[in-house]
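Descriptive structure summary
Residue strings, one per chain:
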Amino acid sequence: LGLQLQRDLQMAISEYAPGSQIVANGNLITSRYIRKIPSMSWKMYDYINCNACKTINIEPHTAEEEYSKLTNCRQCGNIFSVSKRKIFLVPAFGFEADGDKIEKPGLIKPEKTYRSDTAYVGNKTNIPVLLRIGSADVELIISNSDEMVVLNESNFFVCEYCGFTDLDEKYSLRYKKMAHKTPTGYKCKNNGQNQLKKFHLGYRFETDVVQLRFLNPDLTDWDSSISVLYAVLKGICMYLNIEQNDISGCLQYFFNTGTKRANFALVLYDKTPGGAGHVRQLNNQDVLEGIAKEALQSMESCSCGGESKDSSCYSCLRSYYNQKHHDILKRNYAIDFLTGLFAK
C-alpha cells in the first residue's frame with residue numbers, strides 16, 4: 001500500500017488492531033496482521049483480573065501452559081484459579097493490513113475494536129499525604145514513573161508464525177484452526193497446522209501517577225466510584241485547563257483502616273508516557289478543593305436523566321474513551337458523593 005500510519009500504542013491497540021477498519025488515502029483498509037520481526041518474538045504476559053477487588057495481576061508469560069505465578073491477588077489476597085488466567089501480547093512492531101480487503105469507503109462507519117481499558121500496575125510504597133477537601137479527609141499518593149497497562153480484551157486468534165489474526169468474539173476455545181496467507185500473500189507454512197492461539201493485546205508504560213484515597217466519606221461501590229472518577233477527571237480538565245486527551249484514570253482497591261472496609265481509590269495519570277506534569281499539580285489542597293467544586297458544578301449543570309439524574313451524556317460523564325462504562329455512569333452517583341465532601 002505504501003502507507004505507514006502512526007499512532008501511539010495506547011490508541012493503536014484499539015484503533016489499528018486486527019479486525020478494525022481505517023480510512024486512509026481514499027481507501028477502506030482492514031487491519032489483519034500483528035506485525036512480526038524475523039528472529040524477534042512478541043513480549044507476552046499472563047494476567048488475571050481479581051473478581052473480589054478488580055485489581056489486575058500480571059506476570060511474564062511462560063511457555064509451560066500449566067505453570068503460573070498468579071496464585072493470589074497482590075492487593076486483597078484472593079486465591080486464583082489457573083483457569084482464569086489470560087494472556088496478552090504486546091504488538092510493539094505494529095499492525096499490517098489485509099491486502100485482499102481494500103475497498104472504497106461507503107456510508108457505513110468503519111469498524112473498531114473498542115474493548116480497551118487501562119489499569120494500574122505499579123505498587124510503589126510512597127508515603128501518603130493527608131489533605132482535606134471541604135470537610136472530607138483524603139490521602140494523596142504521588143509517584144513518578146509508575147506503571148500502567150492498557151488492554152484490548154477482544155478475542156484475537158493469532159498465528160504465531162506469520163502474525164495473521166482473526167477477531168472472533170463467539171469462539172470460546174483457546175485454539176482455532178484457520179487456513180490463511182502471510183502478509184506477503186503466500187500460504188502460511190505454520191507447520192501445516194493452520195493453528196491460531198487466543199490472545200488479548202496490551203501495552204505497559206510508565207508515567208506520573210496520583211492516587212486519591214477518600215477516607216471519609218469513602219468509596220465502596222464500583223459503579224458509583226467509576227462515575228466519581230470521570231466527574232473528577234472532568235473537574236481537573238476544567239479547573240487546570242488541561243486537554244481531555246492528556247489525562248485519564250482508573251480505580252484501584254485499597255483497605256480503608258479508618259472505616260475498616262474495602263474502598264476504591266481514584267488513580268489519575270498523564271497519558272503521555274514518562275509524564276507531562278499534569279497530575280503533579282494535584283499535590284495541593286486548594287487545587288483539589290477547586291477541582292471537586294468544579295466537578296460538582298459541572299455535574300449539576302447537566303440535565304440528562306431528568307429529576308432523578310440517573311443517566312449520563314457526553315456533556316457530563318461520557319467520553320470517547322470510556323465507552324465500556326457508558327451503561328453504568330450516572331450523574332447522581334457523582335453528585336451525591338461530591339456533595340458529601342462539603343457536608344458539615
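Keep in mind that this is a model prediction, so the values were computed, not measured. One numbering rule holds for all chains: residues counted from 1, following each sequence as written. Totals for whole chains, interfaces and linings use every residue, but because this is a predicted model, local features are given only for residues with pLDDT of at least 70 and side-chain atom pairs only at 80 or more, for both listing and counting. Hydrogens and water are ignored here; the side-chain numbers use all heavy atoms of the structure.

Quick notes on the overall build of the protein
- Scanning the protein from terminus to terminus reveals 4 helices and 14 strands.
- For the protein, with 344 residues in total, the buried portion stands at 49%.
- For this analysis, residues touch if any pair of their heavy atoms sits within 4.5 Å. Put simply, of all contacts in the protein between residues at least 6 apart along the chain, 68% involve residues at least 24 apart.
- Per-residue and other accessible areas follow the Shrake-Rupley method at a 1.4 Å probe size, with only the shown protein chains counted as cover for residues. Here the protein has roughly 17,200 Å² of accessible surface; of this, 47% comes from carbon and sulfur atoms. Comment: elements are numbered from the N terminus, with helices defined as DSSP H or I runs of at least four residues and strands as E runs of at least two. Accessible area is worked out with a 1.4 Å probe on protein chains only. A residue is then buried under 20% of its type maximum, exposed over 50%, and partly exposed in between.

Examining the environment of C53
- Within the element layout of this structure, C53 appears in the loop between β3 (43–49) and β4 (56–60).
- Take C53: its relative accessible area is 2%, and that puts it in the buried class.
- With 210 residues separating them in the primary sequence, C53 and N263 have C-alpha atoms 9.0 Å apart.

Notes on the packing of helix α2 (residues 222–240) against helix α3 (residues 285–301)
- Every axis in this analysis is a line fitted to C-alpha atoms, fitted for helices over the stretch in contact. Angles between the N-to-C directions lie between 0 and 180 degrees. Closest axis-to-axis distance for the α2/α3 pair is 7 Å, and the angle between their directions is 110°. Overall, the two elements α2 and α3 adopt an arrangement that is roughly perpendicular. α3 is crossed by α2, and the crossing has right-handed handedness. Across the interface between the two elements, A231, V232, K234, G235, I236, M238, Y239 and L240 from α2 touch D286, V287, G290, I291, E294, A295, S298 and M299 from α3. What sets the label is the angle itself: under 35 degrees gives roughly parallel, over 145 gives roughly antiparallel, 65 to 115 gives roughly perpendicular, and the rest give oblique. Whether a crossing is left-handed or right-handed is set by the direction in which the near helix is turned from the far one by less than a right angle, anticlockwise for left-handed and clockwise for right-handed.

A look at unusual backbone geometry
- Residues N216 and P217 are joined by a peptide bond in cis, for which omega reads 0°.
- The residue P217 is located in the loop between β12 (195–216) and α2 in this model.
- At K54, a position not held by glycine, the phi torsion is positive, near 65°.
- Here K54 lies in the loop between β3 and β4.

A few points about helix α4 (residues 331–341)
- R331, N332, A334, I335, F337, L338 and L341 are the residues of α4 that are buried.
- Close packing links the buried residues of α4 with β8 (129–133), β9 (136–158), β12, α2 and α3.

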